[in-house]
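Now for the letters of each chain:
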Amino acid sequence: MSAETASSFNKDDGQNLKFQLIDKTLKKIQFQQDALIEVLHTAQETFGHLNEEVLDYVSLQLKLPPSWVYGVATFYNFFTLDPQGEHICVVCMGTACYVKGAGDIVAKLQKELAVKAGTTTEDGKLTLMTARCLGNCSLAPMLTLDGEVLSRETPESTFAAINAKTNLIKAKQEESA
Amino acid sequence: MNPTSLTELAEEELQRQSQLKLRVFLCYSTPCLAAGADRVKTALDELINEEQLDTDLEVVATGCMGPCSRGPLLRIRTINGAEQTFEKVTPATAKEILLHSIENKTVETAALPEDLPFFARQTRIVLSNNGEIDPEKLEHCIARGAYSALAHVLHEMSPEEVCTQLKQSGLRGRGGGGYPAGVKWNLVRKSPADRKYIVANGDEGDPGAYMDRTIMESDPHRVLEGMAIAGFAVGAEQGYIYVRGEYPLAAARLVKAIKAAERRGLLGSRVLGSNFNFRIDLRIGAGAFVCGEETALMTSIMGRRGQPVPRPPYPAQSGLWGSPTLINNVETFANVAPIMEKGAEWFAEFGTDKSKGTKVFALCGEVVNSGLIEVPMGISLRDIIFEIGGGLPDGGTFKAAQTGGPSGGCIPADYLDTPVDYESLKELGSIMGSGGLIVMNDTSCMPDVAKFFMEFCMDESCGKCVPCRVGTVEMFELLKRITDGSAMLTDLENLEELCELVQETSLCGLGMTAPNPVLNTLKYYRDEYLAHINDNHCPAGVCHLDQIPLMRLPEHAAELAIFKEEH
């Protein structure tokens with residue numbers, strides 16, 4: 001992880017900037033311990049995941065025991081302790097999507113991409129997640145790819161969409177190189 | 001702002017709207033956006049710019065209109081009040097519709113018939129503003145009467161009168177439990193304390209339910225107004241809305257709505273020129289189903305792990321930070337303003353004896369018109385699914401209607417004529433729940449559906465109490481064995497016994513209701529379970545029954561002999 005972050009940006013400045021964002025939220029909530037979840041939301045947004053360093057920082061600033069902060073961070077599904085992939089695909093597994101075949105989509109992606117739901121591919125390109133219900137049941141089965149909603153998907157169309165996305169990035173990188 | 005200037009603003013806005021030749025309403029909620037509503041809006045805006053039509057018409061980006069499977073939806077209203085709705089609009093057809101309508105020509109393409117049962121059979125109280133207003137424009141809401149009920153309550157009623165009126169209306173909690181709202185409000189009002197809190201529960205975790213999201217996205221001011229009235233009635237000055245992390249659009253619109261209302265003096269200090277102060281803050285969840293349970297939700301608002309605590313004490317006595325707290329569902333708060341404005345008797349005319357008013361349902365699954373509907377309580381399931389929903393697509397056969405999410409159950413075809421209210425559904429072994437209604441056809445396997453919900457409860461169990469933490473895992477394993485062919489009849493007995501145990505001994509609603517889908521499907525679809533176990537056959541053709549019971553494996557031949565002797 002450290003090698004990856006160090007190469008993608010100047011570590012000191014970048015990290016400092018991100019911690020400043022956390023500081024801003026801390027000031028906004030006036031260092032109230034009750035607003036821990038808001039601080040963690042900000043941290044998750046800026047860092048992409050919550051590593052030990054970030055959790056320690058938050059616990060020091062809010063004067064909460066590290067175990068408390070760790071407990072909250074691991075309780076909620078939104079917070080992840082591992083870095084996320086470049087692209088994030090969230091497949092809705094709500095009841096409506098499930099009866100319309102969302103399970104097949106997840107099975108296909110897991111097989112083709114050799115990744116388990118909730119984890120990231122080895123090359124760090126894609127994180128596959130499942131959601132309890134994204135509340136778009138009339139579009140079932142639906143999923144989001146980098147925040148964009150794809151509706152009435154089949155296993156094949158999902159796989160194609162993901163392929164297009166990851167290849168697109170590859171092509172762009174070649175161009176710029 | 002005071003009541004007089006509120007009325008003036010409403011009249012001013014209505015005046016402006018009535019002078020427009022054409023008003024174009026474009027559904028701008030999540031499903032329609034996914035279907036391309038944003039592209040339609042860009043195209044319309046370009047056209048208006050090119051042809052310089054902006055003095056004659058306006059495009060209103062509204063909240064959800066209802067029939068989400070037909071999106072993007074567009075409705076036009078001419079100066080003389082004629083209305084027409086269009087489905088599956090593309091940028092090209094939208095332009096055509098606009099140009100034709102402005103010249104008063106009729107448009108046939110993509111038009112929805114006016115008497116479509118989907119619209120005609122609904123009664124809209126909570127959703128009355130959906131599809132009529134731009135939720136981000138306070139003026140639109142005020143023109144439709146927002147905050148006038150609050151003004152009336154603040155200046156002409158006492159807190160006690162508000163609670164009595166709500167009690168008389170017969171409104172019951174819309175989150176699923178169905179506790180009378182007026183009784184709850186009165187309890188909090190009577191609790192002696194310096195500080196009290198109002199909490200709106202927008203943590204809509206049931207899979208297949210999105211009523212609260214739509215209400216918060218399409219008409220946020222209605223929820224805020226309901227909360228403010230509650231604050232006045234019980235004597236609270238601080239409110240929280242807890243929104244699911246999965247609903248970023250709802251959160252963004254609520255933030256905007258709170259700011260707009262505060263700027264105009266509709267929230268904050270000295271609301272509408274009275275002595276009443278009320279602030280509302282937003283809390284965003286972080287993905288935990290159990291936080292929909294009221295005590296867990298409150299621990300989450302206080303920044304802790306969202307684990308429930310035993311009741312009593314109930315939140316009405318000791319809730320947030322030990323203070324009396326009124327906690328209601330978003331939909332319950334959305335019902336408050338109309339009740340205060342039009343009276344308890346008016347509201348009590350809708351619905352049945354014990355369940356008053358209307359209920360919003362998210363109708364989805366195997367049904368032609370899926371979407372969001374609001375119907376009076378007591379309507380039959382048949383009317384909802386076959387009239388409003390238009391039946392099953394591709395000639396599918398109705399098998400079950402699932403209500404209440406992972407705490408509810410499946411209602412079979414024999415009970416389609418049951419009136420939908422709190423008591424009738426409970427008798428059938430399901431619950432009203434928050435309002436998800438999922439239609440299943442004969443390709444759904446009931447043990448598989450039960451397994452799906454059990455997996456859900458297993459994942460979402462917070463781990464605090466043993467029956468739920470361990471019981472859900474064991475029940476899931478048993479169901480897994482039934483659906484992979486390795487179960488024996490004793491497993492079914494164990495499953496039933498375990499269901500009762502978990503139901504009776506769990507700490508909170510999640511555990512207490514987790515066995516419901518199993519018990520309920522066992523009640524109505526026992527044959528299917530038996531077919532899986534005895535005949536190694538899945539009637540719906542969903543399960544791959546490729547395992548055999550451990551006892552029948554060759555290496556267990558010796559144990560098998562002992563087993564046979566014992567039985």
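Visitor: For the overall build of chain B, give the residues involved together with the corresponding values.
Guide: Helices and strands together make up the secondary structure of chain B, namely 24 helices and 14 strands. At 26 Å, chain B has a C-alpha radius of gyration in line with the 24 Å of a compact globule built from 567 residues. Residues classed as buried in chain B amount to 53% of the 567 residues present. If you take every contact in chain B between residues at least 6 apart in sequence, the share linking residues at least 24 apart comes to 73%.

Visitor: Please provide a residue-by-residue account of the pairing of strand β1 (residues 87-92) of chain A, values included.
Guide: Residues and elements named next belong to chain A. The pairing of β1 with strand β2 (residues 126-131) spans 6 bridges and is parallel. Pairing of Val90 across the sheet is with Met129, part of β2. Taken together, the 3 bridges between β1 and strand β3 (residues 143-145) define a ladder with antiparallel strand orientation. Opposite Val91, over in β3, you have Leu143 as the bridge partner.

Visitor: Give a description of the sheet that holds strand β4 (residues 148-150) of chain A that names residues and reports values.
Guide: Residue and element names in this part refer to chain A. Judged by pairing direction, the sheet is mixed, and its 4 strands sit side by side in the order β2-β1-β3-β4 without closing on themselves. On the outer flanks of this sheet lie β2 and β4, each paired with one strand and no other. When strand polarity is set aside, the average angle formed by the axes of neighbouring strands in this sheet is 25°.

Visitor: Quick one: what's the story with the sheet that holds strand β8 (residues 279-284) of chain B, residue by residue and with numbers?
Guide: Residue and element names in this part refer to chain B. Spatially, 4 strands are ordered β8-β7-β6-β9 in an open sheet, and the strand pairing comes out parallel. Pairing within the sheet leaves two strands with one partner each, and these edge strands are β8 and β9 (325-329). The average undirected angle you get between the axes of adjacent strands in this sheet is 20°. Inspection of the sheet shows strand β7 (residues 238-243) paired to β8 by 6 bridges, in the parallel sense. Among the inter-strand pairings, Ile241 is bridged to a residue of β8, identified as Leu282. Contacting β7 and β8, helix α12 (residues 248-263) runs over the sheet at an angle of about 165° to β8.

Visitor: Any chance you could break down the confidence of the model for chain B for me, citing the residues and the numbers?
Guide: Here chain B averages 92 in pLDDT, and 99% of its residues register 70 or above. Of all secondary-structure elements in chain B, the lowest mean pLDDT belongs to helix α24 (residues 557-566) of chain B, at 70, while helix α11 (residues 220-234) of chain B reaches the highest, 97.

Visitor: Go over the domain arrangement of chain B, please, and point to the residues and values.
Guide: Residues and elements named next belong to chain B. Here chain B is described as being made up of domain 1 (20-112), domain 2 (145-348), domain 3 (358-441) and domain 4 (446-555). Each partner contributes residues to the interface: domain 2 has 16 residues there, and domain 3 has 16 residues. Residue composition of the side of domain 2 that touches domain 3, by class: 4 nonpolar, 6 polar and 6 charged.

Visitor: Describe the interface of chain A and chain B, with residues and values.
Guide: Contacts between chain A and chain B engage 30 residues on the former and 37 residues on the latter. Breaking the side of chain A that touches chain B down by element, the ones donating at least two residues are α3 (36-47), α5 (66-75) and α6 (95-99) of chain A. If you tally residues by element for the side of chain A that touches chain B, the top one is α6(A), at 4 residues. When its residues are assigned to classes, the side of chain A that touches chain B shows 18 nonpolar, 10 polar and 2 charged.

Visitor: Residue-level account of helix α4 (residues 52-62) of chain A, with values.
Guide: Residues and elements named next belong to chain A. Among all positions of α4, only Val54, Leu55, Val58 and Leu62 are buried. For α4, the angular spread of buried residues about the axis comes to 100°, placing them on one side. Exposed side chains of α4 directed beyond 90 degrees from the buried face belong to Glu52, Glu53 and Leu60. On its buried side, α4 packs onto α3 and α5.

Visitor: Any details on the packing of helix α9 (residues 181-190) of chain B against α11(B)? Residues and values, ideally.
Guide: Residue and element names in this part refer to chain B. One way to put it is that α9 packs onto α11 with a least axis distance of 8 Å and a crossing angle of 45°. Taken together, α9 and α11 sit at an angle that is classed as oblique. Of the residues in α11, those touching α9 at Trp185, Val188 and Arg189 are Ala230, Ala233 and Val234. Residues of the contact of α9 with α11, tallied by class, amount to 5 nonpolar, no polar and 1 charged.

Visitor: Let's hear about the confidence of the model for chain A: which residues, and what values?
Guide: Per-residue pLDDT for chain A has a mean of 84; in total, 88% of the residues score no lower than 70. The element-level mean pLDDT for chain A is lowest in helix α1 (residues 2-8) of chain A, coming to 38, with α5(A) highest at 95.

Visitor: Could you give an account of the pairing of strand β14 (residues 436-441) of chain B, with specific residues and numbers?
Guide: Residues and elements named next belong to chain B. Counting buried residues along β14, 5 of its 6 residues qualify, which places the element largely inside the surrounding structure. Taken together, the 5 bridges between strand β12 (residues 398-403) and β14 define a ladder with antiparallel strand orientation. Paired with Phe398 across the two strands is Asn441, which belongs to β14.

Visitor: Tell me about unusual backbone geometry, and name the residues and values.
Guide: Following A:Ala140, the chain continues to A:Pro141 via a peptide bond in cis, the omega torsion being -10°. Here A:Pro141 lies in the loop between β2 and β3. That bond from B:Arg311 to B:Pro312 is cis: its omega, -5°, falls within 30 degrees of zero. Note that B:Pro312 resides in the loop between α13 (294-301) and β9. At A:Arg152, a position not held by glycine, the phi torsion is positive, near 45°. With respect to the element layout, A:Arg152 can be found in the loop between β4 and α8 (155-176). Unusually for a residue other than glycine, B:Trp321 sits at a positive phi of about 45°. Along the chain, B:Trp321 turns up in the loop between α13 and β9. Looking at B:Trp321, the number of C-beta atoms within 10 Å reads 12, which means it is exposed.

What counts as what
In this convention, every chain numbers its residues from 1, walking through the sequence in written order. As they are written, the chains are lettered A onward and the ligands numbered 1 onward, keeping that order. Confidence filtering applies because this is a predicted model: local features only for residues at pLDDT of at least 70, side-chain atom pairs given and counted only at 80 or more, and all residues used for totals across whole chains, interfaces and linings. Helix and strand assignments follow DSSP, with helices taken as H or I runs no shorter than four residues and strands as E runs no shorter than two, numbered in order from the N terminus. Both definitions apply: the radius of gyration is a C-alpha atom measure, and the globule rule equals 2.2 Å times residues to the power 0.38. Any residue whose C-beta has 12 or fewer other C-beta atoms within 10 Å is treated as exposed, any with 20 or more as buried, and any in between as partly exposed, C-beta atoms being built from the backbone. In this description, a residue-residue contact is defined by the distance between C-beta atoms placed from the backbone, which must lie within 7 Å. Here a strand pair is declared whenever DSSP counts at least two bridges between the two strands. All axes here are fitted lines through C-alpha atoms, helices being fitted over the stretch that makes contact, and every angle between N-to-C directions spans 0 to 180 degrees. Summary of the metric used: pLDDT quantifies the predictor's per-residue confidence within the range 0 to 100. Either an automatic procedure or a domain database provided the assignment from which the domain bounds are taken. When residue character is reported, Ala, Val, Leu, Ile, Met, Phe, Trp, Tyr, Cys and Pro are called nonpolar, Asp, Glu, Lys and Arg charged, and the others, Gly included, polar. Each direction from the helix axis to a C-beta atom contributes to the arc, which is the arc of those directions. Small angles under 35 degrees read as roughly parallel and large ones over 145 as roughly antiparallel, with 65 to 115 read as roughly perpendicular and the rest as oblique.

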